[in-house]
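Below are the chains, spelled out letter by letter.
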Amino acid sequence: MLSSALLQTAHVLELGSGIGLLSVLLSPIVRKYTATDIPASLPLLQKNGGSNNITQVVTVEELDWVFLAGLNEERKTRYFPLSDPPDIVLAVDCLYNPSLLKPFLTTLSYLCRPTSSMSERPKRRPVALVMSELRDSEVMREFLTLWLELDGDQGGWTIWRAGEGVLKGTRCVLWVGWRTG
């Protein structure tokens, strides 16, 4: 999944990009990188992208999870169209506010819908990589419970905990997931 050959053709979409550090680090090895955040964070994201000469690969987009979660499917596609769906949806340290868990997961579900076209068989399944610091065990438990229930009427998700050797000695966890339906 994260081989250099696959990453060279991948579109990575990051949720909650903050200052854009990952876009700077990953832009040289991916086809396209979309950094997303709430409107107040966009000027700094754009400035950092321009300062690091990565604007040919990196785009900065507004994506407010709470706003998106309140929209029906048609309005979601107007608010945040997926003309070039992501191959990897990346979220690093976004799980700390319990009130954002459901909007975050609604957004993750929208972005990770399996897609297919006449030339693409079988369905292309975007992969979600969610990394979080283990601040509050109740928030993490609620997040995982909600994620495991997400899209249950459409086949649900396959979710794996990963990074045991890489994250050893840290208070972080990494989950890898994809929609199975």
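This is a predicted model, so every value here is computed, not measured.

1. Observations concerning the overall build of the chain
Regarding its fold elements, the chain presents 7 helices and 9 strands. Projecting the C-alpha coordinates of the chain onto the three principal axes gives extents of approximately 45 × 40 × 35 Å. Looking at the chain residue by residue over its 181 residues, the buried ones come to 39%. For the chain, the share of sequence-separated contacts (at least 6 apart) that also reach a separation of at least 24 residues comes to 63%. Carbon and sulfur atoms provide 56% of the accessible area of the chain, an area that totals close to 9,800 Å². For the chain, the separation between the mean place of its 18 positive charges and that of its 19 negative charges on side chains is 4 Å.

2. Here we look at the nonpolar core
Counting residues in hydrophobic clusters, the biggest one holds 28 residues, and the most contacted among them are Leu15, Phe104, Leu108, Phe143 and Trp147. At the level of secondary structure, the elements contributing two or more residues to this core comprise β1 (11-15), α4 (65-69), β4 (88-92), α6 (101-111), β7 (127-133), α7 (137-149) and β9 (172-179). In terms of residue count, α6 provides more of this core than any other element does, 6 residues in total. Among the nonpolar cores identified, the runner-up in size contains 14 residues, and Val30, Leu90, Val127 and Leu129 belong to it.

3. With respect to the packing of aromatic side chains
For any pair of aromatic rings, the description rests on two quantities: the centre-to-centre distance and the angle between the ring planes. Here the structure, examined in full by the defined rule, presents 6 aromatic pairs. Seen in terms of ring centroids, phenylalanine 143 and tryptophan 175 are 5.6 Å apart; in terms of plane orientation they differ by 50 degrees. Their pairing is tilted. On the criterion of sequence distance, the pair formed by phenylalanine 143 in helix α7 and tryptophan 175 in strand β9 is long-range, its members being 32 residues apart. Overall, the relative accessible area of 0% leaves phenylalanine 143 in the buried class.

4. A look at the state of the cysteines
Applying the stated criterion to the full structure yields 0 disulfides. The thiol sulfur of cysteine 112 is not disulfide-bonded, and the nearest other cysteine sulfur, from cysteine 94, lies at 13 Å.

5. A look at α6
In terms of residue burial, α6 counts as a mostly covered element, since 9 of its 11 residues are buried. Of all the residues in α6, the buried ones are Leu101, Pro103, Phe104, Leu105, Thr107, Leu108, Ser109, Tyr110 and Leu111.

6. Considerations on the side chain of glutamate 14
By the element assignment, glutamate 14 lies in strand β1. Although glutamate 14 lies buried, it forms no salt bridge, and the closest oppositely charged side chain, arginine 135, sits 13 Å away as judged by the N-O distance. Within the structure, the side chain of glutamate 14 is placed 3.3 Å from the side chain of serine 17, a separation counted as a polar contact. When residues no more than four places from it in sequence are discounted, the contact partners of glutamate 14 are Leu22, Ser23, Tyr33, Thr34, Ala35, Thr36 and Leu90.

7. Some thoughts on the pairing of β7
Within β7, 5 of the 7 residues are buried, which leaves the element mostly enclosed by the surrounding structure. Bridge analysis of β4 against β7 gives 5 bridges, and the strand direction is parallel. Considered in β7, the bridge of leucine 90 is made with leucine 129.

8. Quick notes on the pairing of strand β3 (residues 58-62)
Looking at chain direction, strand β2 (residues 32-37) and β3 are connected through 5 bridges and run parallel. The residue bridging aspartate 37 from the neighbouring strand is glutamate 62, located in β3. A crossover links β2 with its parallel partner β3, the connecting element being helix α3 (residues 42-51), and its sense is right-handed.

9. Here's the deal with the sheet that holds β9
Taken together, 7 strands build an open sheet; the order of strands is β3-β2-β1-β4-β7-β9-β8 and the sheet is mixed. The open sheet terminates on both sides in strands that have one partner only, identified here as β3 and β8 (157-162). On average, each strand axis in the sheet is inclined to that of its neighbour by 20 degrees, with strand direction left out of account. Sheet topology note: the β7/β9 ladder contains 6 bridges and is antiparallel. Within the sheet, the bridge partner assigned to glutamate 133 lies in β9 and is cysteine 172. Running at roughly 170 degrees to β1, α6 makes contact with β1, β4, β7, β8 and β9 of the sheet.

Rules used throughout
Positions within a chain are numbered from 1, following the residues in the order the chain's sequence is written. Under the rules for a predicted model, residues below a pLDDT of 70 receive no local features and side-chain atom pairs below 80 are neither given nor counted, while totals for whole chains, interfaces and linings still include all residues. Think of the side-chain values as coming from all heavy atoms in the structure, minus any hydrogens and water. Helix and strand assignments come from DSSP, with helices taken as H or I runs of at least 4 residues and strands as E runs of at least 2, each series counted from the N terminus. The rule is simple: take the accessible area with a 1.4 Å probe, protein chains only, and divide by the maximum for that residue type; under 20% is buried, over 50% is exposed, in between is partly exposed. The contact rule is simple, with two residues in contact once any of their heavy atoms fall within 4.5 Å. Using a 1.4 Å probe, the Shrake-Rupley method yields the accessible areas, and only the shown protein chains count as cover for residues. Lys and Arg are tallied as positive, Asp and Glu as negative. Neither His nor the chain termini are counted. Note that the charge is assigned to NZ on lysines, CZ on arginines, CG on aspartates and CD on glutamates. Residues enter a nonpolar core if they are buried and are Ala, Val, Leu, Ile, Met, Phe, Trp, Tyr or Cys, with the set joined through side-chain atoms within 4.5 Å. Only the six-membered ring of Trp is used, alongside the rings of Phe and Tyr, when aromatic pairs are assigned; centres must lie within 6.5 Å, and planes under 30 degrees apart are stacked while those over 60 apart are edge-to-face, with the rest tilted. When two cysteine sulfur atoms lie within 2.5 Å, the pair is treated as a disulfide. Each salt bridge in this description consists of a side-chain nitrogen of Lys or Arg and a carboxyl oxygen of Asp or Glu lying within 4 Å of one another. Any pair of nitrogen or oxygen atoms within 3.5 Å is treated as a polar contact; in protein, a donor-acceptor pairing is required on top of that, and neighbouring residues in sequence qualify only through side-chain atoms on both sides. In short, DSSP must find at least two bridges between two strands for them to pair. Clockwise travel from the first strand over the helix to the second, with the strands pointing away from the viewer, marks a crossover as right-handed. Only the stretch in contact is used when a helix axis is fitted, and all axes are lines through C-alpha atoms; the angle between N-to-C directions ranges over 0 to 180 degrees.

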